[in-house]
Amino acid sequence: MSVEYYRKRLIDLRADVAREREEKKRDNERYADLIKGSNSTSAKASYRKSKIDHAASHDRAIERLKGEIERAREELAREREREKAAKKRR
């Protein structure tokens, strides 16, 4: 892979993290509205549980993406070193 590939990959992954955070925010707002609008306590409890579950799912996705960002950074550094070594050999 090339340095440009890893740079683009980092940009895409950062955008994915931002998108996931926005989705988490939207989901939290939606569930908060459902909880406020619900009349029965069992429905409210169900919505609260769903809200927690969905927030945790978003958190896991964000952490996974952060791990991918870290791996892409490491690969970018390795690729830069390879290019540097190749230039020295020439």
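Look above for the structure.
For the structure given in this document, a descriptive report is provided here. (Residues numbered from 1 in each chain as written. Predicted model: local features only at pLDDT ≥ 70, side-chain atom pairs only at ≥ 80, totals over all residues. Heavy atoms only, no water.)

1. Thoughts on the overall build of the protein chain
Line of reasoning, step 1. Check the secondary structure of the protein chain and you find 2 helices and 0 strands.
Line of reasoning, step 2. Its C-alpha atoms give the protein chain a radius of gyration of 21 Å, more than 25% over the compact-globule value 12 Å for 90 residues.
Line of reasoning, step 3. Counting only C-alpha atoms and orienting by the principal axes, one finds that the protein chain spans roughly 75 × 15 × 10 Å.
Line of reasoning, step 4. Residue burial in the protein chain is summarised as follows: out of 90 residues, 22% are buried.
Line of reasoning, step 5. Partitioning the intrachain contacts of the protein chain with sequence separation of at least 6 by distance along the chain shows that 73% fall at a separation of at least 24.
Line of reasoning, step 6. Surface accessibility of the protein chain: about 6800 Å² in total, with carbon and sulfur atoms responsible for 49%. (Helix = DSSP H or I, 4+ residues; strand = E, 2+ residues; numbered from the N terminus. Rg over C-alpha atoms; globule rule 2.2 N^0.38 Å. Buried < 20%, exposed > 50% of the residue type's maximum accessible area, 1.4 Å probe, protein only. Contact = heavy atoms within 4.5 Å. Areas by Shrake-Rupley, 256 points an atom, 1.4 Å probe, with all protein chains shown as cover.)

2. Details of the pattern of salt bridges
Line of reasoning, step 1. Here the structure, examined in full by the defined rule, presents 12 salt bridges.
Line of reasoning, step 2. We note a salt bridge from Lys-24 to Asp-59, for which the minimum N-O separation is 2.6 Å. With Lys-24 in helix 1 (residues 3–37) and Asp-59 in helix 2 (residues 41–89), the pair connects residues that are 35 residues apart, well separated along the chain.
Line of reasoning, step 3. Its relative accessible area of 22% is what places Lys-24 among the partly exposed residues.
Line of reasoning, step 4. Classification of Asp-59 by relative accessible area gives partly exposed; the value is 34%.
Line of reasoning, step 5. A salt bridge links Arg-30 to Asp-27; the shortest N-O distance between them is 3.6 Å. Of the two residues, Arg-30 and Asp-27 are both situated in helix 1; the distance of 3 residues between them amounts to about one turn of the helix.
Line of reasoning, step 6. The exposure class of Arg-30 is partly exposed, given its relative accessible area of 41%.
Line of reasoning, step 7. One connected set of salt bridges, linked through shared partners, spans Arg-9, Arg-64 and Glu-68. (Salt bridge = Lys/Arg side-chain N within 4 Å of Asp/Glu carboxyl O.)

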